[in-house]
Amino acid sequence: MSDKDDAETMRGRLRSERVNSLFSEDELIEDYYDQPAANDSSCWNDYGLSTLQSSGTVSSRSSSMHSGSTEGLDAPTQLLPIIKAGWLDKNPPQGSYIYQKRWVKLDADYLRYFDSEKDTYSKRFIPVTSIARVASIGDQKFEVITNNRTFAFRAESDADRNEWMRTLQQMVDERKFKGLNRISLFQPPTGALDSVDKCGLLELRGFKNKLYVVVAGDKVFLYKNAEDYRQGIGITYIEMNVGNVKDVDRRGFDLTTPYRIFSFSADSDQEKDEWVEAMQQSIAEALSNSEVAEKIWSVEANRFCADCGSLNPDWASVNLCVVICKRCAGEHRGLGPSITKVRSLKMDRKVWTEELIELFCQVGNCVANQFWAANVPPSEAIHVASGSQERRRFLIAKYKEGKYRRYHPLFGNQEELNKALCATVTTSDLAETQSLVFCGAEVSCFSGDPDFPNPIALAEQAGQKLQMEFLLHNKNSEIPRVEAGSSEEKHYSVILPSVTHNGFLFKTPSMAKLVHERKSREEFSRRWCTLNDSIFSYYENDRNAVPNGEIKMEEIVCLVNNPPDTHGFESTFEVYIESERLYLFGLENPEAIRKWVKSIAKSFIHPRADELLSHDFERIGRLQYKGGLNLQRAKEGWFALTQSVLYAFLEDSDKEEAVHLKKLQELSVQGDSLVLVERRRTLYIQGERKLDFLGWVAAIQKAAGSSGDTLSEQQLTESDIPVIVDRCIDYITQCGLTSEGIYRKSGQNSKTTSLLEMLRKDARRVRLKEGEHQVDDVSNTLKRFFRDLGDGLFTKEFCQDWLKAAAIENEEEKIGQYRQLLSSLPVVNRATVKALINHLYRVQYFSEMNQMNTHNLAIVFGPTLFQTDGKDYKAGRVVEDLISRYVVIFSVDEQEMRKQQDEITAIIKMRIAGSSSGTQQAGDFICTVYLEEKKTEAEQHVKIPATMTAEELTFEILERRKIDTKEKEYWSCFEVNEREEAERPLHYSEKVLPILHGLGTDSYLVVKKQLSMENMLIYLASRVSDSKHGMMKFREERNLLGLGLSTGFHDRYFILNNSCLRLYKEVRSHRPEKEWPVKNLKVYLGIKKKLRPPSCWGFTVFYENEKHEKQQWYLCCDTQMELREWFASFLYVQNGGNVWPSESSKVRASRTQQDSRLGNISLIPLRGNENEMRNSVAAFAADPLTLLRNV
Ligand SMILES: [Zn+2]
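Given the structure is predicted, the values throughout are model-derived calculations rather than measurements. (Residues numbered from 1 in each chain as written. Predicted model: local features only at pLDDT ≥ 70, side-chain atom pairs only at ≥ 80, totals over all residues. Heavy atoms only, no water.)

Describing the sheet that holds strand E13 (residues 252-257)
Right, so step 1: Pairing is antiparallel across the open sheet formed by 7 strands, whose spatial order is E11-E10-E9-E8-E14-E13-E12. At either margin of the open sheet sits one strand with a lone partner, and together these are strand E11 (236-239) and strand E12 (244-247). The mean inter-strand angle of the sheet, taken between neighbouring strand axes irrespective of direction, is 35 degrees.
Right, so step 2: Bridge count for strand E9 (residues 211-216) against strand E10 (residues 219-223) is 5 bridges, and the pairing is antiparallel. Its bridge partner lying in E10, Val215 is registered against Val220. (Pairing = 2+ DSSP bridges. Helix = DSSP H or I, 4+ residues; strand = E, 2+ residues; numbered from the N terminus. Axes fitted to C-alpha atoms, helices over the stretch in contact; angles between N-to-C directions.)

Set out below in structure tokens:
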């Protein structure tokens, strides 16, 4: 003691010692000691805090509790095994050199020191997690260093000092190794508590200053102040299983334990009530918890950890039926829930049903270890002091690999194992069931009895509740396997970054379909959510240790950040998982939701694609896609949608690519693919799973569509011009430049209205075709579009400036002003003005033919573009200026001018030549098509736009080869399947691209004459009924379990009507044996010879149902005529009676033939390697005019 102490009175000395006993000596004691009132001091003086061993004056309840044996009392506080304990000298506070003797204990969670070894309540506890390191400071001394403080100790010898340091360091290293994530699994001792029930300042009698008190779970922690609490370094904690709370007066209450009475005083009576309630709940929790433990520990073997032998283990693996210590529990967790499901005896109250507790009493550590630990070599066994790595190695060998287990005699014989399990579960022999299950018997095997189809049902029937309990916990358990790396066979095995996040969220039940309707607040429930170790868990509340559910990060396929106020909460997000479920979460706090979304995205997005995270995405996830020239194999891509840009990380590229959805040339759903056609490539996003795919399709379609009535909200071309404007200008350029009174004549109002509506809805899909659309309707549509434009072409802001500029007299100044105004327009407006004026410049170029000179055009367009009534000519003057000074104002250089001249010349030539090709280029897929037969000389490489029909492809091939089609020659495109030795003529209106997309490696396209078409058309025209019936030979090829089952050809009676094909066993049968919707059939001519068809007049029919299950069968006719009639009937039904193009199409066809000069254009050679092909395709797509220049 210091000199100062010596000077103290006797009473003072007594006082300091007593206070010292519960208190830190880091500070001067007097600062904290509040001299107790005389009448209170008796209790204090007589029963000093830590030496309260005598019970004479403690309350009667305490003394009755105290009457048990010392061991019994010790048990509750000894729940954590003590790893090391002993006497050490602790350095004194404030520079004094007199060391104080302290009893120091180390367990897995804390380093604590006490006045004596008999004390229950420490003077100080330091969480192992807050210890940064341990250092030697000479003279048998060492320091325990935390982030903010250093505690120095002196051992009795160097050996003792070294032993302390080694043990401490080992614990610290292990905790660090496990990482922060693990801590939350255990009772959190530090300031990072996330299960605090109540905390705050309270007066504690005997202390001058208020203490910071924390009620958490089944303990009450005392800290000197809030700062200490945050640092985790406290005075002591009180295990509430021995506690009792009693109201004393208005603000005071006592917490009584057998060892001490803690007299607290709150600031108000309301505060006091809250504290009393919190502490009473804590006691209830502690008592109910130890109830389970007491029951399970009543079996001797369960009092020691099944793995390391530690005393009083309070954790368990509920499927393995073993009771384990906290340290082993941590390692069990690491094995994963498919091997061991770890629960706390004390905290996870819900899981402990009567049956489970009974199961633990009957099986438990004894029976479990007879099986699992039948052959443990002493060298591999672990014990109380084993390190973390040793434990893990042992537990993997024991439970994951089953290395030490007692093998069942039936091991390896699956059928016998299953049979034995079915028999055993009806008895009470749990040990046998355990042995069978963990030697490979299948818990869900078929028992052979449809009424009780599996062992669980059998056990239930036999009234074996414990068997049921055991089986239920092991329904999805993994059977031990020695093979290394078996876990790497997972579908998705990338190591994801470990992100930790937690907090409350509101959650709806998960769903199997998209959320279209608004979810009200009432549909959400508050859940405590954590994201840890790549698992998102949600709990009933923040005190529960067993989650209500979990989402593994690797299962997540899509994450959606909903627009504000989509549901009852301001911010919501959706999580889609592989097994087609959707989870919806919400919160009133956008910032918190943003953090959740970010954390989740970060933990499931492939590290390769993490650049996607930098976008403010609305939707992010992985999808299968096909693209490039190889459409055979689907690849995995990562996508993020942000407004109208789709960012993608594709498999064969290591950088992010951006698809501007408003600038797509095509966007369509074909089969189960979403097709995105860009200028230089086509991307097929595939619907591998339905739920998230539908979500993506809707979102992409929305993002790609027009979102409003201003220019920039429209679908755009590559050069930022609204598609709607581009389509109209292009059409007029192709078909209307020479049309008299173009833009002055108004078309039919109703047609204009409907065309504008169509274009506004989805301009990309509208293809303006000569013959279908009139020039004046289209020109009027364009004018109407500009007149109705939200902000006007020149914007409301600058509109008046443009009109003023027109009045400027000085020519140079005026042009300067126009250019200046032009540059201040938004990008899309600027590009559109230029495109439109360029167009009008061309129109006036033909004014001799169309009578529309610059002045006339300006009269029409001035009021349209400026949205005025046209009473004065101001607006017209602007337009007139822009057209007449087009080259100067828009800085059009000579080369661009020449290019335009060339283009116009080409168009005119085409017009003169009578071409009707007014269509646009789109898509970039190049396909090989053969003419008449498959041989190299007959090869044609054709660029297939997404909209190309079989008819268009046929003409294209014929044109290239300058083949004149004659009347009654039915040229068609066929899909040939070499493997099946069958072919199918495509219907003329069928889109080619999806067909190509679905072609297997043994299939190709060929253009040739359809020889039987004439006869088929005659038959169809002459028949009386729309349906067809008759006998055919039928052979089925069912694909069961990969085995082709077939029984040869048999006579069957068929009826084909407007909707379905029915098969009857015989003519008289009333009920069809089979029935197929005819729309789902694909009918090919021919049957492979290997099947020995009874005649050469047969079909191969493919059928695919909604579930994408495929069937294939064969039909054979006796004569060619019959075959034709059946085939014609199929075509008729499948195409709604429209088997061959109408007269007008024929005219078109013949007109195209005459235009053989154009058909002569040679395409860019497409031979060479893939890269060369790609380049030539790109060059071709970039400058389609090369095609026209050769004219
Ligand atoms: Zn253990």
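Notes on the packing of aromatic side chains
Right, so step 1: Applying the stated rule across the entire model yields 53 aromatic pairs.
Right, so step 2: A centroid spacing of 6.0 Å and a plane angle of 75 degrees characterise the contact between Tyr121 and Tyr259, whose relative ring orientation is edge-to-face. Of this pair, Tyr121 sits in the loop between strand E3 (110-114) and strand E4 (124-127) while Tyr259 is found in the loop between E13 and strand E14 (260-265), placing the two residues 138 residues apart along the sequence. As far as burial versus exposure is concerned, Tyr121 and Tyr259 are alike and both buried.
Right, so step 3: Three or more aromatic residues link up through ring pairs in this structure, and these residues are Tyr110, Phe125, Tyr212, Phe221, Tyr223, Tyr229 and Tyr237.
Right, so step 4: Over the ring of Trp1126 we find Lys1028, and its NZ or CZ is 5.2 Å from the ring centre. (Phe/Tyr/Trp six-rings, centres within 6.5 Å; stacked < 30°, edge-to-face > 60°. Buried < 20%, exposed > 50% of the residue type's maximum accessible area, 1.4 Å probe, protein only. Lys NZ or Arg CZ within 6 Å of the ring centre and 35° of its normal.)

What about the sheet that holds strand E16 (residues 322-324)?
Right, so step 1: A sheet is described by the order of its strands in space; here 3 strands give the open sequence E16-E15-E17, paired in antiparallel fashion. Each edge of the sheet is formed by a strand with only one pairing partner; in this case those strands are E16 and strand E17 (342-344). Neighbouring strand axes in the sheet, compared pairwise and without regard to direction, differ in orientation by 30 degrees on average.
Right, so step 2: As paired strands, strand E15 (residues 315-317) and E17 are joined by 3 bridges and run antiparallel to one another. Along E17, the bridge assignment pairs Trp315 with Ser344.

Details of the environment of Ser1129
Right, so step 1: Structurally, Ser1129 is set in helix H34 (residues 1120-1134).
Right, so step 2: Using a relative accessible area of 1% as the deciding quantity, one classes Ser1129 as buried.
Right, so step 3: Each C-alpha atom of the pair Ser1129 and Met1016 lies 8.6 Å from the other, and the pair is 113 residues apart in sequence.
Right, so step 4: Beyond its immediate stretch of four places on either side in the chain, Ser1129 contacts Tyr1019, Leu1020, Arg1023, Lys1028 and Leu1056. (Contact = heavy atoms within 4.5 Å.)

A word on the coordination of the zinc ion
Right, so step 1: Within the protein, the atoms that donate to the zinc ion are Cys305 (SG), Cys308 (SG), Cys325 (SG) and Cys328 (SG), at distances of 2.2 to 2.3 Å.
Right, so step 2: For the zinc ion, the 4 donor atoms are set out with angles of 102 to 117 degrees between them, so the coordination reads as tetrahedral.
Right, so step 3: Counting residues between consecutive donors of the zinc ion along the chain gives the motif C-x2-C-x16-C-x2-C. (Donors = N, O, S within 2.8 Å, 3.2 Å for Na, K, Ca; no water. Tetrahedral: all angles 85-135°; square planar, octahedral: opposite > 155°, others 65-115°.)

Things to note about helix H25 (residues 827-845)
Right, so step 1: With 19 residues, H25 should reach 27 Å at 1.5 Å per residue; the first-to-last C-alpha distance of 27 Å fits that figure.
Right, so step 2: Extensive coverage of H25 is indicated by the burial of 15 of its 19 residues. (Expected span 1.5 Å × (residues − 1).)

Looking at unusual backbone geometry
What is expected of a backbone is that most residues other than glycine have negative phi and most peptide bonds are trans.
Right, so step 1: A positive phi is found at Asp565, a non-glycine position, where the angle reads about 65 degrees.
Right, so step 2: For Asp565, the location among the structural elements is in the loop between strand E22 (556-561) and strand E23 (571-577).
Right, so step 3: The class of Asp565 is partly exposed, set by a relative accessible area of 47%.
Right, so step 4: One non-glycine residue, Glu981, adopts positive backbone phi at about 55 degrees.
Right, so step 5: Topologically, Glu981 is positioned in the loop between strand E34 (971-977) and strand E35 (982-985).

Quick look at the pattern of salt bridges
Right, so step 1: Following the criterion strictly, the structure yields 52 salt bridges and no others.
Right, so step 2: Here Asp115 makes a salt bridge to Arg102, at a shortest N to O gap of 2.8 Å. In this pair, Asp115 sits in the loop between E3 and E4 while Arg102 sits in strand E2 (residues 100-107), placing the two residues 13 residues apart along the sequence.
Right, so step 3: Residue Lys871 is joined to Asp869 by a salt bridge in which the shortest nitrogen-to-oxygen separation is 3.8 Å.
Right, so step 4: With relative accessibility at 76%, the residue Lys871 sits in the exposed group.
Right, so step 5: Here the salt bridges share partners, and the residues they tie into one network are Glu811, Lys814, Asp881 and Arg885. (Salt bridge = Lys/Arg side-chain N within 4 Å of Asp/Glu carboxyl O.)

As for the packing of helix H23 (residues 799-806) against helix H24 (residues 811-823)
Right, so step 1: H24 packs onto H23 with a crossing angle of 165 degrees between their chain directions and a minimal axis gap of 9 Å. If you check the angle between H23 and H24, you find them roughly antiparallel. Handedness of the H23/H24 crossing: left-handed. Of the residues in H24, those touching H23 at Asp801, Trp802, Ala805 and Ala806 are Lys814, Gln817, Tyr818, Leu821 and Leu822. (Parallel < 35°, antiparallel > 145°, perpendicular 65-115°, else oblique. Left-handed = near helix turned anticlockwise from the far one by under 90°.)

Re the environment of Tyr99
Right, so step 1: Tracing the chain through its elements places Tyr99 in the loop between strand E1 (82-90) and E2.
Right, so step 2: Between the C-alpha atom of Tyr99 and that of Ala152, which follows or precedes it by 53 residues, the distance is 9.8 Å.
Right, so step 3: Excluding anything up to four places from it in sequence, Tyr99 contacts Asp89, Lys90, Asn91, Pro92, Lys141 and Arg154.

Some words on the pairing of strand E30 (residues 673-677)
Looking down a regular strand, the side chains alternate between one sheet face and the other.
Right, so step 1: Here E30 lies mainly inside the structure; 5 of its 5 residues are buried.
Right, so step 2: Residues Ser673, Val675 and Val677 line one face of E30 and the alternating positions Leu674 and Leu676 line the opposite face, and both faces are buried.
Right, so step 3: Pairing of strand E29 (residues 666-670) with E30 involves 5 bridges; the strand directions are antiparallel. Pairing of Ser668 across the sheet is with Val675, part of E30.
Right, so step 4: In textbook terms, the turn of a hairpin is the stretch between consecutive antiparallel strands, and for E29 and E30 this stretch comprises 2 residues, one of which, Gly671, has a positive phi near 60 degrees.

Considering the confidence of the model for the protein
Right, so step 1: Looking at the protein, the pLDDT average stands at 79 and 81% of residues meet or exceed 70.
Right, so step 2: Confidence over residues 1144-1191 falls short of pLDDT 50; this stretch has 54 contacts with residues more than four positions distant or in other chains. (pLDDT = per-residue confidence, 0-100.)

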